[in-house]
Amino acid sequence: QVQLVESGGGLVQPGGSLRLSCAASGRTFSSYTMAWFRQAPGKEREFVAGISRGGGTTDSADSVKGRFTISRDNAKNTVYLQMNSLKPEDTAVYYCAADQSTVLRRISTFYDYWGPGTQVTVSS
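Since this is a predicted model, take the numbers as computed values, not measurements. (Residues numbered from 1 in each chain as written. Predicted model: local features only at pLDDT ≥ 70, side-chain atom pairs only at ≥ 80, totals over all residues. Heavy atoms only, no water.)

Undergrad: What's the story with the environment of glycine 15 in this structure? I'm lost.
TA: Mapped onto the secondary structure, glycine 15 falls in the loop between β2 (10–12) and β3 (18–26). Taking the C-alpha atoms as reference, glycine 15 lies 28 Å from isoleucine 107; in sequence the two are 92 residues apart. Among all residues touching glycine 15, those that are not within four sequence positions of it are Ser85 and Leu86. (Helix = DSSP H or I, 4+ residues; strand = E, 2+ residues; numbered from the N terminus. Contact = heavy atoms within 4.5 Å.)

Have a look at this one:
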């Protein structure tokens, strides 16, 4: 089992940047495919970005391509989401998730473990 805790959320102006972190504890972090999802009020949870176990493969939603970057440091048991050029529509609760599969997938139901989430608000 793995426990996940996100940090780094907050209020930022449009065009600004934030870096989210997700610290993992428990079983070997490097054995999990990791991803970030987000959920805005009144909307379904959506995939933002994912990264393979070793970090060699990444995937991101079209809505964040070129603006958000996912990375991981297996020595620190942490996955990051660098968010640049933020827009009001990026406002949501952001969740970190872990999947025991080797396949990088976009569907939330495949992910076994979730953090409690961190709020990101983009507003002037």
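Once the structure has been displayed, the description carries forward.
Undergrad: Looking at this structure, I do not really get the sheet that holds strand β8 (residues 78–83). What am I missing?
TA: Pairing between the strands of a sheet comes from backbone hydrogen bonds, and it takes one of two forms, parallel or antiparallel. Here four strands make up an open sheet; going across it, the order is β1-β3-β8-β7 and the pairing antiparallel. Two strands bound the open sheet, and with one partner strand each, they are β1 (2–7) and β7 (68–73). Neighbour to neighbour, the strand axes of the sheet diverge by 15° on average, direction disregarded. Here β1 pairs with β3 via six bridges, running antiparallel. Across the sheet, residue valine 5 finds its bridge partner in β3, namely alanine 23. (Pairing = 2+ DSSP bridges. Axes fitted to C-alpha atoms, helices over the stretch in contact; angles between N-to-C directions.)

Undergrad: Would you mind showing me how to read the packing of aromatic side chains here?
TA: Think of a pair of aromatic rings as described by two things: how far the centres are apart, and how the planes are tilted against each other in angle. Taken as a whole and assessed by the stated rule, the structure comprises six aromatic pairs. Where phenylalanine 37 meets phenylalanine 47, the ring centres are 5.7 Å apart and the plane angle is 80°; that geometry is what we call edge-to-face. A residue pair is termed long-range when its members are at least 10 positions apart, and phenylalanine 37 in strand β4 (residues 33–39) and phenylalanine 47 in strand β5 (residues 46–51) qualify at ten residues. Since its relative accessible area comes to 8%, phenylalanine 47 is described here as buried. Seen from their ring centres, phenylalanine 37 and tyrosine 111 are 5.2 Å apart, and the 75° between their planes marks the pair as edge-to-face. Of this pair, phenylalanine 37 sits in strand β4 while tyrosine 111 is found in the loop between β9 (92–99) and β10 (113–114), placing the two residues 74 residues apart along the sequence. We classify phenylalanine 37 as buried; its relative accessible area is 1%. (Phe/Tyr/Trp six-rings, centres within 6.5 Å; stacked < 30°, edge-to-face > 60°. Buried < 20%, exposed > 50% of the residue type's maximum accessible area, 1.4 Å probe, protein only.)

Undergrad: I keep staring at the pairing of β5 and nothing clicks. Help me out?
TA: Working note: regular strand, side chains alternate between the two faces of the sheet. Where burial is concerned, most of β5 is hidden: five out of the six residues are buried. Judged from the five bridges that link them, β4 and β5 form a sheet pairing that is antiparallel. Each bridged residue has a counterpart across the sheet, and for tryptophan 36 the counterpart in β5 is alanine 49. Counting the residues between successive antiparallel strands, the hairpin from β4 to β5 contains six residues, one of them, glycine 42, with a positive phi of roughly 75°. Relative to strand β6 (residues 58–60), β5 runs antiparallel, the two being bridged by three bridges. Among the inter-strand pairings, isoleucine 51 is bridged to a residue of β6, identified as threonine 58. If you look at the hairpin formed by β5 and β6, you'll find six residues sitting between the two strands, and glycine 55 has a positive phi there, around 90°.

Undergrad: What should I look at first to understand unusual backbone geometry in this one?
TA: A negative phi holds for most residues other than glycine; trans holds for most peptide bonds. The phi dihedral of asparagine 77 is positive, around 55°, even though this residue is not glycine. Positioned with a positive phi, serine 85 is a non-glycine residue whose angle comes to about 50°. Residue position: serine 85 is located in the loop between β8 and β9.

All we've got here are geometric facts, nothing functional implied.
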